[in-house]
Amino acid sequence: QKEVEQDPGPLSVPEGAIVSLNCTYSNSAFQYFMWYRQYSRKGPELLMYTYSSGNKEDGRFTAQVDKSSKYISLFIRDSQPSDSATYLCASPNSGGSNYKLTFGKGTLLTVNP
Amino acid sequence: KAGVTQTPRYLIKTRGQQVTLSCSPISGHRSVSWYQQTPGQGLQFLFEYFSETQRNKGNFPGRFSGRQFSNSRSEMNVSTLELGDSALYLCASSLFLVAAGVGSYEQYFGPGTRLTVT
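Please read all numbers here as calculations on a predicted model, not as lab measurements. (Residues numbered from 1 in each chain as written. Chains lettered and ligands numbered in written order. Predicted model: local features only at pLDDT ≥ 70, side-chain atom pairs only at ≥ 80, totals over all residues. Heavy atoms only, no water.)

S.K.: Would you explain the state of the cysteines in this entry?
M.R.: In protein chemistry, a disulfide is the covalent bond that joins the sulfur atoms of two cysteines. If you walk through the whole model with that rule in mind, you get two disulfides over all chains. Residue pairing for Cys23(A): its cysteine sulfur links by disulfide to Cys89(A), the two sulfurs lying 1.9 Å apart. Between Cys23(A) and Cys89(A), the S-S dihedral sits near -100°, and the bridge is therefore left-handed. Residue Cys23(A) is found in strand β3 (residues 19-25), and its partner Cys89(A) is found in strand β9 (residues 85-92); the two are separated by 66 residues along the sequence. At a sulfur-sulfur separation of 1.7 Å, the disulfide partner of Cys23(B) is Cys91(B). Taking the torsion about the sulfur-sulfur bond, which here is approximately -55°, the covalent link between Cys23(B) and Cys91(B) counts as left-handed. With Cys23(B) in strand β3 (residues 19-24) and Cys91(B) in strand β9 (residues 87-94), this pair connects stretches of sequence that are 68 residues apart. Each member of the pair, Cys23(B) as well as Cys91(B), is classed as buried. (Disulfide = S-S within 2.5 Å. Helix = DSSP H or I, 4+ residues; strand = E, 2+ residues; numbered from the N terminus. Buried < 20%, exposed > 50% of the residue type's maximum accessible area, 1.4 Å probe, protein only.)

Right, dumping it as structure tokens:
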């Protein structure tokens, strides 16, 4: 079982829709969670960073973590065509020198005007 | 503040050759990580350097190596290139402040080097 699983999609929604992107993880040691956005032929861009369970909001984006079910979500409100990209969830191994990001495979999102 | 820069942006090599990729982290960042991204495997961790020391290594063959210089700039090298090494190679930098708690593990990626092996 991969440590971070993500539905690859693709996901296609009309402009203005609420988008829900989801990941599950298996390693209980994961404490921090990140969402990256990657446009075609670009490097990933850090969108959201969360620690512990609960919600974190930043503009149209809300990141949600449920540690009891090992489930993380990213919600995009009022989606725009410029949100069309691949969204990647990731978690760093916690602590000391054991540091790397484990990524999901990414979900390709298209927002249609 | 300037972001992570990677050079070159594109490379075409033939099998058996070797290649060196370069990464300059965000000013003040001492941790540099390298990732390989392919359509089939997604983003996979190669290695991480902090203060010129490799602290973590992913599950890649010894043909993949790297180093970090005193100014935190990093290079990765792939020897004896194979067709399967064709990928986007991404460098990421981080402050990685262990004692700082939340906000210290964020990694910022460069645009990547797209390597094509023919």
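S.K.: I'm lost on the sheet that holds strand β7 (residues 61-66) of chain A in this one. Help?
M.R.: Each strand in a sheet pairs with its neighbour through backbone hydrogen bonds, running either in the same direction (parallel) or in the opposite one (antiparallel). Residue and element names in this part refer to chain A. Reading across the sheet, the five strands line up as β1-β3-β8-β7-β6 and stay open at both edges, with antiparallel pairing between neighbours. One side of each edge strand has no neighbouring strand; the edge strands of this open sheet are β1 (4-6) and β6 (54-58). Taking each pair of neighbouring strands and ignoring which way they run, the sheet shows an average axis angle of 20°. Relative to β7, β6 runs antiparallel, the two being bridged by five bridges. By the bridge assignment, Gly 54 is partnered in β7 with Val 65. (Pairing = 2+ DSSP bridges. Axes fitted to C-alpha atoms, helices over the stretch in contact; angles between N-to-C directions.)

S.K.: Would you explain the interface of chain A and chain B in this entry?
M.R.: A common measure of how large an interface is: the accessible area buried when the components associate. Across the boundary between the two partners, chain A contributes 22 residues, which contact 29 residues of chain B. Around 2100 Å² of area is buried between chain A and chain B when both sides are counted, 59% of it from carbon and sulfur atoms. At the boundary of chain A and chain B, one finds zero salt bridges. Applying the counting criterion to the chain A and chain B interface returns four residue pairs in polar contact (both at pLDDT 80 or more). (Contact = heavy atoms within 4.5 Å. Buried area = accessible area lost by both parts, 1.4 Å probe. Salt bridge = Lys/Arg side-chain N within 4 Å of Asp/Glu carboxyl O. Polar contact = N/O pair within 3.5 Å; in protein donor to acceptor, adjacent residues only side chain to side chain.)

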